[in-house]
Amino acid sequence: MTKGSRYRLERFLATAVPAPSTAGPTSTVGTVQVQVDRLVAGLEDNPALVHLERLPARSARFAELARPLTPALEARLPGRLWCHQARAVDLARAGQSAVVATGTASGKSLCYQVPIAEAAGDALGGLGPPATSLCLAPTKALAHDQLRALRALDLPGVVPCCYDGDTSPAERSWARRHANVVLTNPDMVHAGLLPHHARWATFLSRLRYVVVDELHIFRGIFGSHVAHVLRRLRRLCAHYGADPVFLFGSATIGDPATLAEALCGRPVVAVTDDGSPRGERLFALWNPPLVDATSGTRASAHGETASLLASLVGAGHQVLAFCRSRKATELVAADAVRRADPALRAAIRPYRGGYLPAERRAIEADLAEGRLRAVVATSALELGIDIGTLDACILDGFPGTIASLWQQSGRAGRSQRRSLAVLVAGEDQLDQWLMAHPDQVFSRSPEAAVVNPSNPFVALAHLGCAAYELPLVPADEVWWDDLDEGVRRLVADDRVTVRRSQAYWSRRRPPAPAVGLRSGSADQYHIVEHNGRLVGTVDAGRAFTTVHPGAVYLHQGRPFLVDHLDLDDRVAWVSPTSGDELTQPRSATDIRIVDDEQRRAVGRSQLHLGVVEVSEQVVGYQRRSLTTGETLAVTELDLPPTRLETRAFWYVIDLAVLDDAAVVPSARAGALHAAEHAAIGMLPLFTICDRWDVGGLSTARQAETGRPTVVIYDGYPGGAGIAELGFEAGRRHLEATLDVVAACCCAGGCPSCVQSPKCGNWNEPLDKMAAVALLRSVLG
């Protein structure tokens, strides 16, 4: 621990003062803050603590609206508007679409609640029928949380309701007839509202505002789909005579206006000057200690997270821990329960996607009301769900982007109280690079999110949906630039019929239910016990790696063994099992280059961008001991291959470069494979993605290039914009890759440099030193 870090810690511990006063009630910090300080003081001499950063408190900055609120509306608000809130309301009133990209707990909801209330109050002021508003959240849970907040304000004239898959037929009918504010999610708009727009004709004809909350979540393939859903919505609004204003709320990300404009297809003004107050925060970087310096093995980040969480809970704090995968969530929660005082074990729960709706909402309510002392979650709780005021937040591994890091860590100390955040580094390349460069955590600008509305798989699916809703006509080019080509492909596939310059949907069933927004597919596998009880669900694209025959599947900390995978009915039949084993699948992958679109020199390599076809087959799995990591058995599988056409960037390397690096033929495969793993691990430095969003393949002789090649591909059909950013990063990407591998202290390769937790070949073969030599030779 550095002298400066110790000084900052001592100053933090010596200063137990409340956060700056703000309008409205504030929470006291006395007893709870002393407890947090005491806990941090106990951590200061731990060698795992590599850096401490003190983030000072910030006072509120207020502003007045260009036109005052009505007394009735002003009386319902919690206090004066902060400057970013006033700016957003003024833009909305002027008919200008806007995106508010400010920190966690900065009151973004009021930026749209005020305009919504004014629109709904038109009828009260004798200005005609009340205007309507449609609020979209990425999850049902967040939409229900927004509904509770809206009802609590009791805004005059506002009649809100939720409309989602859990809404009963009677409630849906009531919503269409009476509600002027509908809170839902893009999936429901896509498959429930737009295909049946005639029932919503009155609502759509009066639609003034469309709110898209948590904009930063709408990236990649999900965001690409949502961009087309919003175009379909605007098209139907125009059909009914409306032209709504779009209001976006987002965590702090790079260039939020560009993302918002890509989603809604119209100009958007960014509001980024955050005027909200913030309590003081201590941010710790925690690197699990080396267990074996030669191999580079470190203590488990999951174990360190569980230990920290149990200690915090034992000291009386309410804690939220974030993990990067469903399996890690279950493992950390179970470990924390084992470590905790027996009286507190029932107050620690996991939370992730795949749980049934009733399970998720019960956990959210128990956390918000204090019945739970700790929750271990995936990024599902990264969103703005109101889960009360937390004392501390632990991140089990870098979440992939700086934007997500601040969003997750900001869940603690939401009521201007002082708080603690801890980033526990994983063994991944990027985690260890950040531990070696701690200044990058606090100085690096948030990344920009990307979408790819031109993805042909996505665009074509939504053109079919649009044709079902209203016949496509030439004037629809205002919504889709490639309309003519799309219609020709739909006609060739017998999905639309053209009559009198109008393209009609020609099939009996509506297309929307078959178009999944989040994975490129609506297909799911159900995970069912033999007594018929539904355990959970998994996307079809992940089924073969997650619930293959013999897999150990975790749900709410309970392990299940997959006894049989029914491919026809899409059911994984499971039975309870002991929790002392893990399974890891093995796959065989092949890549064919379909279209080589761009190329340029990067050092002594050629970097290409284009379209590839990936063929992958899960061919087996290994059983490993949970406690020792020992391989217990290897079993072969006979599952059908999957095929993916997507976008990729790839490095082509001449044999002379390998020869100059003294990489002998027997080491070439290991060198290329190790460089591929490290490059994938470092990619999130240059694009807002996760290593699980991409795949890779390296080969000493690729069929189309005829030379040694490293391919990194987007993991979604048609691509989500990641390959383009990887191609753009080029030399910067390779330099960061070389940096992390060369700096690692291990002898032969480890998870911090060249090993990958998702490798389908179980990290074989890998040659760390040959990879360093190769990268240096490429970069010259």
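Here we summarise the structure given alongside this text. Because the structure is a prediction, the values reported are computed rather than measured.

Before going further, it helps to spend a moment on the overall build of the protein chain. The helix and strand inventory of the protein chain stands at 24 helices and 29 strands. Taken against the 2.2 N^0.38 rule, which gives 28 Å for 780 residues, the C-alpha radius of gyration of the protein chain at 27 Å falls within 12% of a compact globule. Oriented by its inertia axes, the alpha-carbon framework of the protein chain measures out at about 80 × 75 × 60 Å. Classification of the 780 residues of the protein chain by burial places 56% in the buried group. For the protein chain, the proportion of contacts with a sequence separation of at least 24, taken over those separated by at least 6, is 73%. Roughly 30,500 Å² of accessible area belongs to the protein chain as shown, and the carbon and sulfur atoms make up 50% of that amount. Where the 80 positive side-chain charges of the protein chain centre and where its 84 negative ones centre are 4 Å apart.

In this section: the sheet that holds strand 6 (residues 207-212). In sheet architecture, strand pairing relies on hydrogen bonds along the backbone and comes in two forms, parallel and antiparallel. Taking strand neighbours across the sheet as the criterion, the seven strands line up as 4-5-3-6-7-2-8 in an open arrangement whose pairing is parallel. Only two strands of the sheet have a single partner each, and these edge strands are strand 4 (160-162) and strand 8 (269-271). Each strand of the sheet is rotated relative to its neighbour by a mean of 15°, with strand direction disregarded. Relative to strand 5 (residues 181-184), strand 3 (residues 132-136) is paired through four bridges, and the arrangement is parallel. Note on strand 5: the bridge partner recorded for C135 is L183.

Now for the packing of helix 8 (residues 186-193) against helix 10 (residues 220-239). Look at helix 8 against helix 10: their axes get within 10 Å of each other, and the N-to-C directions meet at 45°. By the angle class used here, helix 8 and helix 10 are oblique. Of the two possible hands of crossing, helix 8 and helix 10 adopt the one that is left-handed. Facing helix 8, whose interface residues are P186, V189 and H190, helix 10 presents F222, V226, V229 and R232. Along the lines of polarity and charge, the residues of the contact of helix 8 with helix 10 split into five nonpolar, one polar and one charged.

With that out of the way, let us pick up the nonpolar core. Formed by 75 residues in total, the largest nonpolar core has its most connected members in V375, L423, F649 and L774. Contacts of L774, omitting those with residues within four sequence positions, involve I653, V657, L658, A661, A671 and L672. Within the second largest apolar cluster, 44 residues are counted, among which are L193, F203, C264 and I688.

What follows concerns helix 10. For an α-helix, 3.6 residues make a turn, and residues three or four places apart therefore share a direction. Over its 20 residues, helix 10 extends 29 Å from the first C-alpha to the last, a length consistent with the 28 Å expected when each residue adds 1.5 Å. Counting buried positions over the 20 residues of helix 10 gives 18, a clear majority of the element. The first or second residue beyond helix 10 is G241, which carries a positive phi of 90°.

Moving on, we come to the packing of helix 5 (residues 108-120) against helix 6 (residues 140-153). For the pair helix 5 and helix 6, interaxial distance at closest approach is 12 Å and the crossing angle is 60°. One way to sum up the angle between helix 5 and helix 6 is to call them oblique. As for the relative orientation of helix 5 and helix 6, their crossing is right-handed in sense. Side by side, helix 5 and helix 6 meet where L110, Y112 and Q113 of the first sit next to Q146, A149, L150 and L153 of the second. Of the residues in the contact of helix 5 with helix 6, the class split is five nonpolar, two polar and no charged.

Another point: the pattern of salt bridges. The tally for this structure, following the rule as stated, stands at 31 salt bridges. Across the pair R93 and E118 runs a salt bridge whose closest N-O atoms are separated by 2.6 Å. Of this pair, R93 sits in helix 4 (residues 83-93) while E118 sits in helix 5, placing them 25 residues apart in sequence. In this structure, R371 engages D366 in a salt bridge whose closest nitrogen and oxygen atoms are separated by 2.7 Å. Ionic contacts of the salt-bridge type, sharing partners, join the residues R54, E280 and R418 into one network.

A cluster of acidic side chains, namely E477, D481, D482 and D484, defines a negative patch on the protein surface. Examined against the element boundaries, E477 turns out to sit in the loop between helix 18 (456-469) and helix 19 (483-492).

Bringing the sheet that holds strand 14 (residues 374-377) into the picture now. Strand order in this open sheet of seven strands is 1-9-16-15-12-14-13, and the pairing throughout is mixed. Each of the sheet's edge strands pairs with one partner strand only, and the pair in question is strand 1 (49-55) and strand 13 (348-351). Across the sheet, the axes of successive neighbouring strands diverge by a mean angle of 15°, strand direction being ignored.

With the rule as written, the count across this model stands at eight aromatic pairs. Geometrically, the ring pair formed by F246 and F248 is stacked, given 6.2 Å between the ring centres and 20° between the ring planes. Judged by centre distance (5.5 Å) and plane angle (70°), the ring pair of F283 and W406 falls under edge-to-face. With F283 in strand 9 (residues 281-286) and W406 in helix 15 (residues 402-409), the pair connects residues that are 123 residues apart, well separated along the chain. The exposure class assigned to F283 is buried, which follows from its relative accessible area of 0%. By way of ring pairs, the aromatic residues Y163, W200 and F203 are connected into one cluster.

This part covers the side chain of Q318. On the secondary structure map, Q318 appears in the loop between helix 12 (301-314) and strand 12 (319-322). One polar contact links the side chain of Q318 to the main-chain carbonyl oxygen of L367, over a distance of 2.8 Å. Excluding its chain neighbours within four sequence positions, the residues that come into contact with Q318 are L367, G370, L372, R373, T389, L390, D391 and A392.

Here we come to the pairing of strand 26 (residues 631-636). As defined by bridge partners, strand 25 (residues 605-625) adjoins strand 26 across five bridges and the pair is classed as antiparallel. Across the sheet, G620 pairs through a bridge with E636, a residue of strand 26. Taking the residues between adjacent antiparallel strands as the criterion, strand 25 and strand 26 are bridged by five residues, where G629 takes a positive phi near 80°.

This part is about the environment of A72. With respect to the helices and strands, the residue A72 is situated in helix 3 (residues 71-74). In this structure A72 comes out as partly exposed when scored by relative accessible area, which is 38%.

Okay, the environment of Q113 next. With respect to the element layout, Q113 can be found in helix 5. Its relative accessible area of 5% is what places Q113 among the buried residues. Separated by 632 residues in sequence, Q113 and C745 place their C-alpha atoms 53 Å apart.

Moving on, we come to the pairing of strand 16 (residues 419-424). Counting buried residues in strand 16 gives six out of six residues, a clear majority hidden from the surface. Of the two faces of strand 16, the one lined by S419, A421 and L423 and the one lined by L420, V422 and V424 are each fully buried. In this sheet, strand 16 lies alongside strand 9 in parallel orientation, the contact comprising six bridges. Paired with L285 across the strands is L423, a residue of strand 16. Sheet topology note: the strand 15 (residues 392-396)/strand 16 ladder contains five bridges and is parallel. By the bridge assignment, L395 is partnered in strand 16 with L423.

So, how was this worked out
Residues numbered from 1 in each chain as written. Predicted model: local features only at pLDDT ≥ 70, side-chain atom pairs only at ≥ 80, totals over all residues. Heavy atoms only, no water. Helix = DSSP H or I, 4+ residues; strand = E, 2+ residues; numbered from the N terminus. Rg over C-alpha atoms; globule rule 2.2 N^0.38 Å. Buried < 20%, exposed > 50% of the residue type's maximum accessible area, 1.4 Å probe, protein only. Contact = heavy atoms within 4.5 Å. Areas by Shrake-Rupley, 256 points an atom, 1.4 Å probe, with all protein chains shown as cover. Lys, Arg positive; Asp, Glu negative; His and termini not counted. Charge placed at Lys NZ, Arg CZ, Asp CG, Glu CD. Pairing = 2+ DSSP bridges. Axes fitted to C-alpha atoms, helices over the stretch in contact; angles between N-to-C directions. Parallel < 35°, antiparallel > 145°, perpendicular 65-115°, else oblique. Left-handed = near helix turned anticlockwise from the far one by under 90°. Nonpolar A, V, L, I, M, F, W, Y, C, P; charged D, E, K, R; others polar. Core = buried A, V, L, I, M, F, W, Y, C linked by side-chain atoms within 4.5 Å. Expected span 1.5 Å × (residues − 1). Salt bridge = Lys/Arg side-chain N within 4 Å of Asp/Glu carboxyl O. Patch = residues over 30% accessible without salt bridge, like charges linked within 9 Å, V, L, I, M, F, W, Y side chains within 5 Å. Phe/Tyr/Trp six-rings, centres within 6.5 Å; stacked < 30°, edge-to-face > 60°. Polar contact = N/O pair within 3.5 Å; in protein donor to acceptor, adjacent residues only side chain to side chain.

From the geometry alone we can't say anything about function, so treat these as descriptive.
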